[in-house]
Amino acid sequence: MSDTTHDDAQLNTSESVDDLAMDPEELEDEELEEIRRYEDFTTIDWIQDSILERKRRLRTQRQKVHLSRWNRGSLTFLSLALSRFQTVILAGQSWIVLTLVGICIGLNAAVVSIVSEWLSDIKMGYCSDGWWLNEQFCCWEIEGEEIDGCDSWHSWSHVTLARWIIFVMFATTFSFIASHLVRSFAKYAAGSGISEIKCILAGFVMQGFLGFATFFIKSITLPLVIASGLSVGKEGPSVHVACCVGSLVAGLFETFRRSESKMREIVTAASAAGVAVAFGSPIGGVLFSIEEMSHTFSIKTMWKSIFCALVATFTLAAMNPFRTGKLVLFQVTYDRDWHFFEIIFFVILGIFGGLYGAFVIKFNVQVAAFRRKHLANHGVAEAVTLATLTALIGYFNRFLRLDMTSSMAILFKECEGGGNVFNLCQSSAQWRISNSLLLATIIRIGLVVITYGCKVPAGIFVPSMAIGATFGRMIGIVVKAMYNAYPNSGIFRSCAPDVPCITPGTYAFLGAAAALSGVMRITVTVVVIMFELTGALTYILPTMIVLLVTKAVGDFLGTNGIADEMIRFNGFPFLEKEDHVYNVTVSTVMRKDLNTLSETGMRVKDVESRLSSTNFKGFPIVSSDGSQTLVGYIDRSEIRYVLERARKNRGRLANTPCLFTSRQQEPDDIDMTSDAHDDDEPEEYFAPTTAGEGIQFWPWVNKTPMTVSPELPLEIVMQIFKRMGPRTILVENHGTLSGLVTVKDVLKFIATEKPDYRPSWDERGGLDGLLEEVWTWASTIISRTVLWSRRVLRR
């Protein structure tokens, strides 16, 4: 997120238009910006950010009032047109930024896809017609996916051992370059980035995580990592790269650079565009940002996400990186109906997805703990070792040798129309192919467990989909073999005699959806993504069945998504979306030993001593009579700012009194529409002053901080943190300050008092919640089907 400036004084309504250019408040903002920057690994106070945004709007309105007054006697067409033009530009600035962000994301995704394909194929050979061509473009006139498919494509050697050694050498080299670049220039480019972005959107500050160095290095190393053959994907890192683009482009505009809430909207929209270009699914990208990325998602943010995703997808389609008219390499179309007896096997795929997700999440967290303890300083060696091991093992399995996207493109195909690649559709080879698919599934699961989280750009979307695709295709081949062996059995009675009954490619497709849903714990998003990939309304219901079974298994086992588990493992201050029952009040969790400031009676040396002896981000203000009556709250950065400004005016201030209570009208109460001049307003509103009685801090004191009763249940406090986003909540008992609580206090309580707590089946919704989802989805699909049928009949 961008750095944040703070507006603490109000505009003097008596200023003329000529004086507006030298607004003292704006000068203070520039100075305060150097002090009041959100520090690394701290939390943004979204309520405070909303207050700042309100003050900016008030200032803009007051400037308009002054401008209209000044123009009363000298109104010209030019000045009126200029004013209207500025208004239009400000109103459309968000959409301009979103357009630029979407275009940049689409261009980046196209370049990454093209380079990844070329680097993946260069491990096997080269094109004699042009070294820059990958195998697909080199053998453009040849249909199919077979390796060495044309005369223009030359393998590095015709000796198997030599080809194997060259393959491993390329994989090792790619992984070394990628991991070395990440370690040397951008440590945040490692990993998926989705966990961290979820925390950033919730208000956690990670300086540089969305910076240019991270964007540049991750864009360069991502194709290298994919080509190295590591069991990681580019879809998760694509979301991180897209969010970097959103942050960098929006940071060029002062309106977004000064507002964390506006920047959050752009980054959220960019995350939707990242998924959209990764899967060719703009609506799926928007649903992903709603379901997975953002705690609070307004209608305004949704429209911005849709617009950004559509622009990014349109740009990618215009680039046409695969020269097939498709947005992703494994985009397919199914036009054959399914049968009701196949629901039995769809349920098996759903169970596999739930078990796969639980297995990978559990053991990957253990691997991450081992990595942190023993391999923290050996990231390059670890990545190179994993790439070499993967290449050594994977070369001898055709489904592991290909990159995962190309492998899924083959597994998703129907047998008719060129789908018989690697003899997938040959009955004579069905058991050999099934064994190969099963072996690929088992090996890939093990590689994903140990690889995800290493110090290179690494996603888990595509590896999980590839695992589900190999398992699903194996199930499809088995079901097809059962039909061929017993075509007259009662279970296959609904099959038409002149049409292929079983389509194994659809099982691969559904298996990919199940595995993705199992590891990420998302449902609706996967349904829409898969629908947009196939364009076939026919397979919406099977996809829903599979994903609901996957969700039920995951809920029964009590597993969270891998992104949430990584957040918990890394100790980020992030509250889960689910509400659990802890049966305690906030008084159990709150801090009771507080560092407070007295409204009067303190001197500068006392305040400075408090600042130097603590690292708290703010201090409650209490009454000076000893009753601990809560008066307000002030941030640490505001105290530092007032003291530094006062030193510039007065020099030494050690014994100067500090006043934290106001004795005059609040600036926000000034009537903007009043024609009276306000020349008698005190200068204290605009700058920290040291009047005869002392330094006045009161313009910066928040007199209405977020407060709760000590008896309030902890679950309600968690809801306040998630929905309103305060950094600190003060606990007040009948006007007396009792304590304060932060998100970190809540998470510390959960980790120490209930370390093994997992939500039960009932807390996750139970059977009622599952049936409610089934009813909601079924109603939606039925209504859409009816509308689609009516449109067809009208035609």
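In what follows, the accompanying structure is described. Quick caveat, the model's predicted, so the values are computed rather than measured.

Analysis parameters
- Residues numbered from 1 in each chain as written.
- Predicted model: local features only at pLDDT ≥ 70, side-chain atom pairs only at ≥ 80, totals over all residues.
- Heavy atoms only, no water.
- Helix = DSSP H or I, 4+ residues; strand = E, 2+ residues; numbered from the N terminus.
- Buried < 20%, exposed > 50% of the residue type's maximum accessible area, 1.4 Å probe, protein only.
- Contact = heavy atoms within 4.5 Å.
- Areas by Shrake-Rupley, 256 points an atom, 1.4 Å probe, with all protein chains shown as cover.
- Disulfide = S-S within 2.5 Å.
- Patch = residues over 30% accessible without salt bridge, like charges linked within 9 Å, V, L, I, M, F, W, Y side chains within 5 Å.
- Salt bridge = Lys/Arg side-chain N within 4 Å of Asp/Glu carboxyl O.
- Pairing = 2+ DSSP bridges.
- Core = buried A, V, L, I, M, F, W, Y, C linked by side-chain atoms within 4.5 Å.
- Right-handed = clockwise from strand over helix to strand, strands pointing away.
- Expected span 1.5 Å × (residues − 1).
- Phe/Tyr/Trp six-rings, centres within 6.5 Å; stacked < 30°, edge-to-face > 60°.
- Lys NZ or Arg CZ within 6 Å of the ring centre and 35° of its normal.
- Axes fitted to C-alpha atoms, helices over the stretch in contact; angles between N-to-C directions.
- Parallel < 35°, antiparallel > 145°, perpendicular 65-115°, else oblique.
- Left-handed = near helix turned anticlockwise from the far one by under 90°.

**Quick word on the overall build of the protein chain**
When you go through the protein chain residue by residue, the secondary structure sums to 29 helices and 12 strands. Across the 795 residues that make up the protein chain, the buried fraction comes to 56%. The long-range fraction of contacts in the protein chain, counting pairs at least 24 apart against all pairs at least 6 apart in sequence, stands at 79%. Of the accessible surface of the protein chain, which amounts to about 34,700 Å², a share of 59% is contributed by carbon and sulfur atoms.

**A closer look at the state of the cysteines**
If you walk through the whole model with that rule in mind, you get 3 disulfides. The disulfide bridge from Cys127 ends at Cys138, spanning 2.1 Å between sulfur atoms. Taking the torsion about the S-S bond as the criterion, the Cys127 to Cys138 disulfide, at about 80°, is right-handed. A residue pair is termed long-range when its members are at least 10 positions apart, and Cys127 in strand E1 (residues 125-127) and Cys138 in helix H5 (residues 135-138) qualify at 11 residues. For the pair Cys127 and Cys138, one class covers both residues: buried. With a sulfur-sulfur separation of 2.1 Å, Cys415 is cross-linked through a disulfide to Cys425.

**Focus: a nonpolar patch on the surface**
A contiguous nonpolar surface patch, about 420 Å² in accessible area, is contributed by Ile103, Leu107, Val111, Ile114, Val115 and Met319. Ranked by residues supplied to the nonpolar patch, first place goes to helix H4 (residues 77-122) with 5 residues. Along the chain, Leu107 falls in helix H4. Judged by its relative accessible area of 37%, Leu107 falls in the partly exposed class.

**Re the side chain of Ser247**
Along the chain, Ser247 falls in helix H9 (residues 235-250). Looking at Ser247, the relative accessible area reads 9%, which means it is buried. Apart from the residues within four sequence positions on either side, Ser247 is in contact with Leu210, Met263 and Val267.

**A few points about the sheet that holds strand E5 (residues 618-622)**
The sheet built from 3 strands is open, its strands ordered E3-E5-E6 with mixed pairing. A single partner strand is all that each edge strand has here, and the edge strands are strand E3 (597-598) and strand E6 (630-635).

**Here's the deal with the nonpolar core**
In terms of nonpolar packing, the biggest core is built from 119 residues, with Val101, Ile105, Phe330, Tyr356, Phe412, Ile460 and Met520 touching the most fellow members. Residue contributions to this core peak at 12 residues, all from helix H19 (residues 461-485). Setting aside anything within four residues of it in sequence, one finds Val101 in contact with Val245, Gly246, Val249, Ile266, Ala270 and Cys308. Ile621, Ile634, Leu643 and Trp700 belong to the second-largest nonpolar core, a separate cluster that totals 20 residues.

**Here we look at the sheet that holds strand E10 (residues 707-708)**
Taken in spatial order, the 3 strands of this open sheet run E10-E11-E12, and their pairing is mixed. Two strands in the sheet have a free side with no partner beyond their single neighbour: E10 and strand E12 (736-741). Relative to E12, strand E11 (residues 729-733) runs antiparallel, the two being bridged by 5 bridges. For Glu732, the partnering residue across the bridge sits in E12 and is Leu737.

**What about the environment of Arg473?**
Mapped onto the elements of the fold, Arg473 is located in helix H19. Separated by 62 residues in sequence, Arg473 and Leu411 place their C-alpha atoms 6.5 Å apart. When near neighbours in sequence (up to four residues on either side) are disregarded, Arg473 contacts Ile410, Leu411, Lys413, Cys415, Leu424, Cys425, Leu437, Pro504, Gly505, Tyr507 and Ala508.

**Focus on the pairing of E11**
As paired elements, E10 and E11 share 2 bridges and run parallel to each other. Directly across from Val708, in E11, lies its bridge partner Val731. Following the backbone out of E10, through helix H27 (residues 714-724) and into the adjacent parallel E11, one traces a crossover that is right-handed. Where E11 folds back on E12, the antiparallel hairpin that results is connected by 2 residues, among which His734 adopts a positive phi of roughly 55°.

**A closer look at unusual backbone geometry**
Although it is not a glycine, Asn583 sits at a positive phi angle of roughly 60°. Assignment of secondary structure puts Asn583 in the loop between helix H23 (562-570) and helix H24 (586-589). Here His734, not a glycine, exhibits a phi torsion of approximately 55°, which is positive. Tracing the chain through its elements places His734 in the loop between E11 and E12. The exposed category is assigned to His734, whose relative accessible area is 78%.

**What to know about H9**
With 16 residues, H9 ought to run about 22 Å at 1.5 Å a step, and its terminal C-alpha atoms sit 23 Å apart, in line with that. Judged by how many residues are buried, H9 sits mostly within the fold: 15 of 16 residues are covered.

**So, the packing of aromatic side chains**
Applying the stated criterion across every chain, the model contains 26 aromatic pairs. Relative to Phe307, the ring of Trp95 has its centre 5.3 Å away and its plane inclined at 90°; by these criteria the two rings are edge-to-face. Placement of the pair is Trp95 in helix H4 and Phe307 in helix H13 (residues 299-319), with a sequence separation of 212 residues. If you follow Arg401 out to its NZ or CZ, it ends over the ring of Tyr395, 5.3 Å from the centre.

**Side note on the pairing of E5**
Burial runs high along E5: 5 of the 5 residues are buried. Inspection of the sheet shows E5 paired to E6 by 5 bridges, in the antiparallel sense. Residue pairing across strands places Val622 opposite Leu630, the latter belonging to E6.

**Thoughts on the environment of Thr629**
Summarising the element assignment, Thr629 is placed in the loop between E5 and E6. When its relative accessible area of 32% is taken as the criterion, Thr629 is described as partly exposed. Through-space distance from the C-alpha of Thr629 to that of Leu737 is 6.1 Å; in sequence the pair is 108 residues apart. Setting aside anything within four residues of it in sequence, one finds Thr629 in contact with Ile621, Val622, Ser623, Gly735 and Thr736.

**Overview of the packing of helix H11 (residues 260-279) against helix H12 (residues 282-293)**
In the contact formed by H11 and H12, the axes pass within 7 Å of each other and the chain directions differ by 130°. The angle between H11 and H12 places the two elements in the oblique class. Crossing of H11 against H12: the hand is right-handed. Across from Thr268, Ser271, Ala272, Val275 and Ala276 in H11, the residues of H12 making contact are Pro282, Gly284, Gly285, Val286, Phe288, Ser289 and Met293.

**A few points about the pattern of salt bridges**
Scanning the model with the defined rule gives 11 salt bridges in all. Residue Lys198 pairs with Asp564 through a salt bridge whose shortest N-O separation is 2.6 Å. Taken together, the residues Lys198 in helix H7 (residues 194-202) and Asp564 in helix H23 connect sequence positions 366 residues apart. On the basis of relative accessibility, which here comes to 3%, the residue Lys198 falls in the buried class. Here Arg371 makes a salt bridge to Glu382, at a shortest N to O gap of 2.6 Å. Separated by 11 residues along the polypeptide, Arg371 in helix H14 (residues 343-374) and Glu382 in helix H15 (residues 379-394) bring together distant segments of the chain. On the accessibility criterion, Glu382 (10% relative accessible area) is buried. If you follow the salt bridges from partner to partner, you end up with Lys198, Glu292 and Asp564 in one network.

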